[in-house]
Amino acid sequence: MKLQRMNRRALTLGALAVSGALALTACGSDDTGSKSSSGGSSASAGATNASSIKCDNAKGQLLADGSSAQKNAIDAWTAAFSQACQGVQINYKGSGSGAGVTAFTQGQLAFAGSDSALKPEEIEASKKICTGGQGIDLPMVGGPIAVGYNLPGVDNLVLDAPTLAKIFNSDIKTWDDPAIKKLNPNAKLPSTKISAFHRSDESGTTDNFTKYLKAAAPAVWGKYSGGKAWQAPGGQSAPQSAGVAQQVKQTAGAIGYFELSYAKDMSTVAIDTGASSPVKPSTDAASKAIADAKVVGTGQDLALKLNYNTKADGAYPMVLVTYEIVCDKGNKADTLPATKAFLRYIASTDGQSILTQNNYAPIPDAIISKVRTTIEGLS
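Rules used in this analysis
All residue numbers refer to position in the chain's written sequence, counted from 1. Local features in a predicted model are, by the rule used here, given only for residues with pLDDT of at least 70; side-chain atom pairs are given and counted only at 80 or more, and totals for whole chains, interfaces and linings are based on all residues. Think of the side-chain values as coming from all heavy atoms in the structure, minus any hydrogens and water. Per the convention used, a helix needs a DSSP run of H or I reaching at least four residues, while a strand needs a run of E reaching at least two, with both numbered from the N terminus. Each residue is placed in one exposure class: buried if its accessible area under a 1.4 Å probe, protein chains only, is under 20% of its type's maximum, exposed if it is over 50%, and partly exposed if it falls in between. Should any heavy atoms of two residues lie within 4.5 Å, those residues are considered in contact. Shrake-Rupley sampling with a 1.4 Å probe provides the accessible areas, and residues are treated as covered by the protein chains on show and by no other component. Throughout, the protein atoms alone are placed on a 1 Å grid, and a set of points is a cavity if a 1.4 Å probe fits but cannot get out or a pocket if it is open with protein on both sides within 12 Å along at least five of seven lines; lining residues have an atom within 4 Å of a point. Grid points are joined across faces, edges and corners, and a volume is the space filled by probe spheres set on the points. Residue type decides the class: Asp, Glu, Lys and Arg count as charged, Ala, Val, Leu, Ile, Met, Phe, Trp, Tyr, Cys and Pro as nonpolar, and the leftover types, Gly among them, as polar. Only buried Ala, Val, Leu, Ile, Met, Phe, Trp, Tyr and Cys residues count toward a nonpolar core, and they belong to the same one when joined by side-chain atoms within 4.5 Å. We call a pair of cysteine sulfur atoms a disulfide when they lie within 2.5 Å. Every case where a carboxyl oxygen of Asp or Glu lies within 4 Å of a side-chain nitrogen of Lys or Arg is listed as a salt bridge. By the counting rule applied here, Lys and Arg register as positive and Asp and Glu as negative, while His and the ends of each chain are not counted. Any N or O atom pair separated by 3.5 Å or less is treated as a polar contact, with the protein-specific requirement of one donor-capable and one acceptor-capable atom, and with residues adjacent in sequence counted only for side-chain atom pairs. Between any two strands, at least two bridges found by DSSP are needed for them to pair.

Peer 1: Now, about the overall build of the chain: what can you tell me, with residues and values included?
Peer 2: Within the chain, the regular secondary structure consists of 13 helices and 13 strands. Here the chain, with 379 residues, has 56% of them falling under the buried criterion. Of the contacts made within the chain by residues no fewer than 6 positions apart, 76% connect residues no fewer than 24 positions apart. Accessible surface computed for the chain: about 15,400 Å², of which carbon and sulfur atoms make up 50%.

Peer 1: Before we move on, can you summarise empty space enclosed by the protein with the specific residues and values?
Peer 2: All chains considered together, the criterion is met by one cavity of 30 Å³ or more. The residue makeup of the lining of the largest cavity, split by class, is five nonpolar, five polar and no charged.

Peer 1: Any details on the nonpolar core? Residues and values, ideally.
Peer 2: Residues Trp-77, Met-140, Leu-164, Phe-168, Phe-209 and Ile-255 are the most contacted members of the largest nonpolar core, which totals 90 residues. When sequence neighbours within four positions are dropped, the list of residues in contact with Phe-209 reads Ile-145, Val-147, Leu-164, Phe-168, Trp-230, Tyr-257 and Met-318. In this structure, Val-244, Val-248, Phe-258 and Leu-260 belong to the second largest nonpolar core, which totals 12 residues.

Peer 1: Quick one: what's the story with unusual backbone geometry, residue by residue and with numbers?
Peer 2: Most peptide bonds take the trans configuration, and most residues that are not glycine carry a negative phi. Even without being a glycine, Asp-265 presents a positive backbone phi close to 55°. Mapped onto the elements, Asp-265 comes out in the loop between strand S8 (254-259) and strand S9 (267-268). Exposure remark for Asp-265: the relative accessible area of 80% places this residue in the exposed category.

Peer 1: Outline the environment of Ile-363, supporting the account with residue identities and numerical values.
Peer 2: Tracing the backbone through its elements, the reader meets Ile-363 in the loop between helix H12 (349-357) and helix H13 (365-376). The spacing of Ile-363 and Val-321 is 42 residues in sequence and 8.4 Å in space, taken between C-alpha atoms.

Peer 1: Lay out the state of the cysteines in plain terms, naming residues and giving numbers.
Peer 2: Here the structure, examined in full by the defined rule, presents two disulfides. Between Cys-55 and Cys-85 runs a disulfide, and the two sulfur atoms are separated by 2.1 Å. Residues Cys-55 and Cys-85 are joined through a disulfide that is left-handed, its torsion about the S-S bond being -95°. Of this pair, Cys-55 sits in the loop between helix H1 (2-22) and strand S1 (60-66) while Cys-85 sits in the loop between helix H2 (71-84) and strand S2 (88-92), placing them 30 residues apart in sequence. The exposure class assigned to Cys-55 is buried, which follows from its relative accessible area of 19%. Between the sulfur of Cys-130 and that of Cys-327 lies a disulfide, 1.9 Å long from S to S. Looking down the S-S bond of the Cys-130 and Cys-327 bridge, the torsion is -70°, so its handedness is left-handed.

Peer 1: Before we move on, could you go through the pattern of salt bridges and cite the residues and values that matter?
Peer 2: All told, the structure shown has six salt bridges when counted by the stated rule. A salt bridge links Arg-199 to Asp-201; its shortest N-O distance comes to 2.8 Å. The class of Arg-199 is buried, set by a relative accessible area of 3%. Using a relative accessible area of 15% as the deciding quantity, one classes Asp-201 as buried. Taking the shortest distance from any N to any O, the salt bridge between Lys-211 and Asp-207 comes out at 3.6 Å. With a gap of four residues between them, Lys-211 and Asp-207 both fall in helix H7 (residues 204-216), about one helical turn apart. Classification of Lys-211 by relative accessible area gives partly exposed; the value is 37%.

Peer 1: Summarise the side chain of Asp-201; cite the residues concerned and give the values.
Peer 2: Within the secondary structure layout, Asp-201 lies in the loop between strand S6 (195-199) and H7. Setting aside chain neighbours within four positions, we find Asp-201 in contact with Ser-95, Gly-96, Lys-228, Ala-238, Pro-239 and Gln-240.

Peer 1: So what about helix H10 (residues 283-290)? Which residues, and what values?
Peer 2: The element H10 is extensively covered by neighbouring structure, given that six of its eight residues are classed as buried. Turning to H10, its buried residues are Thr-283, Ala-285, Ala-286, Ser-287, Ala-289 and Ile-290. Packed against the buried residues of H10 are strand S4 (135-149), strand S13 (319-327) and H12.

Peer 1: Before we move on, could you go through the environment of Leu-343 and cite the residues and values that matter?
Peer 2: Considering the arrangement of structural elements, one finds Leu-343 in helix H11 (residues 336-346). Judged by its relative accessible area of 0%, Leu-343 falls in the buried class. Measuring from C-alpha to C-alpha, the distance between Leu-343 and Arg-372 comes to 8.5 Å, with 29 residues separating the pair along the chain. Those residues in contact with Leu-343 that sit more than four places away from it in its chain are Leu-138, Met-140, Glu-324, Val-326, Ile-375 and Leu-378.

Peer 1: Can you break down the side chain of Asp-160 residue by residue, with the values?
Peer 2: Looking at the element boundaries, Asp-160 is found in strand S5 (residues 158-160). In this structure, Asp-160 is buried with no salt-bridge partner, the nearest side chain bearing the opposite charge being Lys-166 at 7.8 Å. At 2.6 Å, the side chain of Asp-160 and the side chain of Thr-163 are in polar contact. Leaving out residues up to four positions away in the same chain, Asp-160 has contacts with Leu-183 and Asp-272.

Peer 1: Go over the pairing of S4, please, and point to the residues and values.
Peer 2: Burial analysis of S4 places 15 of its 15 residues in the buried class, which makes it a mostly covered element. Pairing of S4 with S13 involves nine bridges; the strand directions are antiparallel. Bridge pairing links Pro-144 to Val-319 in S13. Of the strand pairs in this sheet, S4 and S8 are connected by five bridges, and their pairing is antiparallel. The residue of S8 that forms the bridge with Ala-146 is Phe-258.

Structure (structure tokens):
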């Protein structure tokens, strides 16, 4: 009995050590009015207690792939979950939303991550591997799409949607363009050529970034249909969010888009939305935008519609929500217990608190509570 108590204590301390290493010195409010489930209301919510993770005899290997946007969150979740559920091995590649959805509909994965909700044809394809059911979208990770740039001597760059759209459409080619000067009258803008980087792979990040451009700068971007594949001419490309961020960091005059967690040690653009002041990307600012989202999925599907054209003070308009995609019915019997255990944890109060610690935005209470109910009904 004494040995068992010591083992339980060691396990708990191990999980706390992992989550403590992930934690920031403080966590701010997520501004959604939620206190527990949204995870952003207190620093104490950030510590993951191993005893709060229910393994439910889960074991085996979970293969997953998809959104690179949530890769840093998945890594943090996996570290904590693996301490408590040592019989489960989680392998998440983060190859991009397009690759993840394709692999899921081919029956290769226990679940996939996507920054865009399933399209009708993807739902139809999922029915072939979800016996008696279909693939559904579970919103799990929120966050801002940051626009990072590499322009020595310019620390507080402001852009609006039309100017940003023209940069990525190759209409604005140098940093001293009059449109950029007008938005930054006090900045010493060089004549450096702009190197605009976009994703080379199919990406939900691209989908959400271009949805913002279509909504807020229709005169420039309205001619493109949008989607996961980049459509505008010119520019340079790199794979996954990490690849775009790396190129921006090492290229003078570069600009690119990626999740805030990839923007460490990098300057980011403040967006002039027409509100009282330009808005920088932050988890708080993203949460204000996500709180406006509406559930548009049917049945157990919880796909959301985001408001990319918000002008509310303090709301950052370029946001995305990453969905975990799983079968509502017909999941493989050998992976279902582990899948439910992992999804249950990441949707929990402790799981969502890890998001704020890693520059993501927790999903608001009204939505994440529906996610939790749906997870329990997976079969």
